[in-house]
Amino acid sequence: MDISSWFDDVRRMNKRQLYYQILNFGMIISSALMIWKGLMVVTGSESPIVVVLSGSMEPAFYRGDLLFLTNYEADPIHVGDIVVFKVEGRDIPIVHRVLKLHERDSDRNESEPPQQHLKFLTKGDNNQVDDRGLYAKGQMWLRRKDVVGRARGYLPYVGIVTILMNDYPKFKYLLLASLGIFVLLNREAN
Amino acid sequence: NRSSDLVKVDKWDGAKVKNALDDAAKKVLKEMGYVETHGVTDTRLAICTVACLLSVLALVYDFFLPFPKSKYILAFCSVGYFFLMSILTLYTMFKEKNYIYWGKQNATGKDSTPKFWALRSTLRRFEHDYSLTIELRRGKSGRTFEAEVTKSVGSWLDEDGILHEDVFRRCVKELHSQVTKKAKDD
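Residues numbered from 1 in each chain as written. Chains lettered and ligands numbered in written order. Predicted model: local features only at pLDDT ≥ 70, side-chain atom pairs only at ≥ 80, totals over all residues. Heavy atoms only, no water.

Draft legend 1. Looking closely at the overall build of chain A. Along chain A, the regular secondary structure elements total 4 helices and 7 strands. Taken against the 2.2 N^0.38 rule, which gives 16 Å for 190 residues, the C-alpha radius of gyration of chain A at 22 Å runs more than 25% over that of a compact globule. Expressed as lengths along the three principal axes of its C-alpha atoms, the size of chain A is roughly 70 × 40 × 30 Å. Relative to its 190 residues, chain A shows a buried fraction of 37%. In chain A, the share of contacts with a sequence separation of at least 24, taken over all contacts with a separation of at least 6, comes to 60%. Put simply, chain A shows about 11,400 Å² of open surface, and 60% of that area lies on carbon and sulfur atoms. Positive and negative charge centroids in chain A, built from 24 and 22 side chains respectively, lie 4 Å apart. (Helix = DSSP H or I, 4+ residues; strand = E, 2+ residues; numbered from the N terminus. Rg over C-alpha atoms; globule rule 2.2 N^0.38 Å. Buried < 20%, exposed > 50% of the residue type's maximum accessible area, 1.4 Å probe, protein only. Contact = heavy atoms within 4.5 Å. Areas by Shrake-Rupley, 256 points an atom, 1.4 Å probe, with all protein chains shown as cover. Lys, Arg positive; Asp, Glu negative; His and termini not counted. Charge placed at Lys NZ, Arg CZ, Asp CG, Glu CD.)

Draft legend 2. View of the interface of chain B and chain A. Between chain B and chain A, the contact holds 34 residues from the first and 26 residues from the second. Together, B:Asn19, B:Leu45 and B:Phe67 form the three largest contributors to the area buried by chain B at its contact with chain A, with a combined 21%. Scanning the region where chain B abuts chain A turns up 3 salt bridges. A salt bridge links A:Arg187 to B:Asp23; the nearest nitrogen and oxygen atoms lie 3.0 Å apart. Within the residue set of the side of chain B that touches chain A, elements represented by two or more residues are helix 1 (14–31), helix 2 (39–64), helix 3 (71–96) and strand 2 (99–105) of chain B. (Buried area = accessible area lost by both parts, 1.4 Å probe. Salt bridge = Lys/Arg side-chain N within 4 Å of Asp/Glu carboxyl O.)

Draft legend 3. Fine view of the sheet that holds strand 4 (residues 93–102) of chain A. Residues and elements named next belong to chain A. One open sheet accounts for 7 strands, arranged 1-2-7-3-4-5-6; its pairing is antiparallel. The open sheet has two edge strands, strand 1 (49–51) and strand 6 (142–143), and neither has a second partner. The sheet contact formed by strand 3 (residues 82–86) and strand 7 (residues 147–155) spans 3 bridges and is antiparallel. Directly across from Val84, in strand 7, lies its bridge partner Gly149. (Pairing = 2+ DSSP bridges.)

Draft legend 4. Looking closely at the packing of aromatic side chains. Counted under the stated rule, the structure contains 9 aromatic pairs over all chains. A centroid spacing of 5.6 Å and a plane angle of 55° characterise the contact between A:Phe61 and A:Tyr154, whose relative ring orientation is tilted. Here A:Tyr154 lies in strand 7 and A:Phe61 lies in the loop between strand 1 and strand 2 (66–70), a separation of 93 residues in the sequence. Among the residues examined, A:Tyr154 registers a relative accessible area of 41% and is labelled partly exposed. Between B:Tyr130 and B:Trp156, the aromatic rings sit 5.9 Å apart at their centres with planes inclined by 85°, giving edge-to-face as the arrangement. With B:Tyr130 in strand 4 (residues 129–138) and B:Trp156 in the loop between strand 5 (144–152) and helix 4 (165–185), this pair connects stretches of sequence that are 26 residues apart. (Phe/Tyr/Trp six-rings, centres within 6.5 Å; stacked < 30°, edge-to-face > 60°.)

Draft legend 5. Region of the structure containing helix 4 (residues 169–185) of chain A. Over its 17 residues, helix 4 of chain A runs 24 Å from end to end, which matches the ideal 24 Å to within 8%, given 1.5 Å per residue. Within helix 4 of chain A the residues assigned to the buried category are A:Gly180, A:Val183 and A:Leu185. (Expected span 1.5 Å × (residues − 1).)

Draft legend 6. Up close: the pattern of salt bridges. All names here are of chain A. Across all of its chains, the model carries 21 salt bridges over all chains by this definition. Salt-bridge contacts for Lys86 lead to Glu46; the nearest nitrogen and oxygen are separated by 2.9 Å. Here the residue Lys86 occupies a position in strand 3, and Glu46 occupies one in the loop between helix 2 (15–43) and strand 1, the gap between them amounting to 40 residues. Here Arg152 ties to Asp75 by a salt bridge, and the two come within 2.7 Å at their closest N and O atoms. Note that Arg152 is positioned in strand 7 and Asp75 in the loop between strand 2 and strand 3, a separation of 77 residues in sequence. Classification of Asp75 by relative accessible area gives partly exposed; the value is 26%.

Draft legend 7. Just the side chain of A:Gln21, in detail. All names here are of chain A. Take Gln21: it is sitting in helix 2. Among the residues examined, Gln21 registers a relative accessible area of 4% and is labelled buried. In this structure Gln21 touches Met13, Val183, Leu184, Leu185, Asn186, Arg187 and Glu188, once residues within four positions along its chain are discounted.

Draft legend 8. Structural context of the nonpolar core. All names here are of chain B. One finds Leu21, Leu119, Tyr130, Leu132, Ile134 and Phe168 to be the most contacted residues of the largest nonpolar core, which totals 32 residues. No other element matches the 7 residues that helix 1 contributes to this core. The contact partners of Leu132, leaving out residues within four places of it in the chain, are Ala25, Ile100, Leu119, Arg120, Ser121, Ala147, Glu148, Val149, Phe168, Val172 and Leu175. Counting residues in hydrophobic clusters, the runner-up holds 25 residues, among them Ile47, Ala51, Tyr91 and Trp102. (Core = buried A, V, L, I, M, F, W, Y, C linked by side-chain atoms within 4.5 Å.)

Draft legend 9. Molecular detail of the packing of helix 2 of chain B against helix 3 of chain B. All names here are of chain B. It is at 9 Å that the axes of helix 2 and helix 3 come closest, and there the two elements cross at 165°. It follows from the interaxial angle that helix 2 and helix 3 lie roughly antiparallel. Handedness of the crossing formed by helix 2 with helix 3: left-handed. Of the residues assigned to the contact of helix 2 with helix 3, the class counts are 19 nonpolar, 3 polar and 4 charged. (Axes fitted to C-alpha atoms, helices over the stretch in contact; angles between N-to-C directions. Parallel < 35°, antiparallel > 145°, perpendicular 65-115°, else oblique. Left-handed = near helix turned anticlockwise from the far one by under 90°. Nonpolar A, V, L, I, M, F, W, Y, C, P; charged D, E, K, R; others polar.)

Quick look at the structure:
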């Protein structure tokens, strides 16, 4: 493996071509980033695509499935809906079904967006108990602001790559480094 | 040719072969004293830079003022980015095309108009015929004269992928003479 030959293209580049190589790399990253941020705006969710990390929703969703979410205020959440939520203070999104909905009309505040006053209880289809054990200490219910979105569509298996990259970080760095090196060192034809 | 100066490429890699031939052709024009002009290339680089800056803006803004507060800036950056990408595509498709060089020959004593030179080249994927076209324009709004050569890359590259620059340069210089003659005879 002649590593010095990888740099042949770069050695023969002038300043502008070198700058374009860097820009090219930047544009690939920017395209992915802009698609992601664009999806955030369009779906209203801070995490428009999530990977199912556990088997708690089998047989509906399996570990490794990719879910597409929307988080529109105008769509009310009902009992039976599958929601993705984050427990306050923890990063990991959880995909479970709404079991109970607790509403007290006197709690409702007209100036707030709809449903902010509601309280939800969730449970994974494949779990024995409801999610109270997963919520923050002393928390008995979820609020609308904890919900990241509702599942609108899904792709099976595709998320396995994300799970692999999280379980084996070295694989993730190797993959990203290889892609980066390939883009930076390869000169496209004019 | 000192052996360290020899240009060696993977003869089966079309992109690298084209780059090597293009670079050698540009070298010939450079040695004739023409000055390469970078206006078109710089415009492309500027479009790409602004696009990347938009995405950096989105990243930084969202980091300090998380979604949903950053919604409008994110929307602006996203739409702006893809708009610039379309502009970039149009620009490379209709303005840059297959040009590899733009240059200017300053006016010499007896000839008062500056001359503008350009090179265009094509090497299709998985094909071995390389086309090189040289353009000459007298003054900013004069007529454009062209001369073209299409030959297999095997005419200049040997079995080991070494580019025989002396043979290629003769080819380019021949093109240069052809187009200069066409312009003079006009």
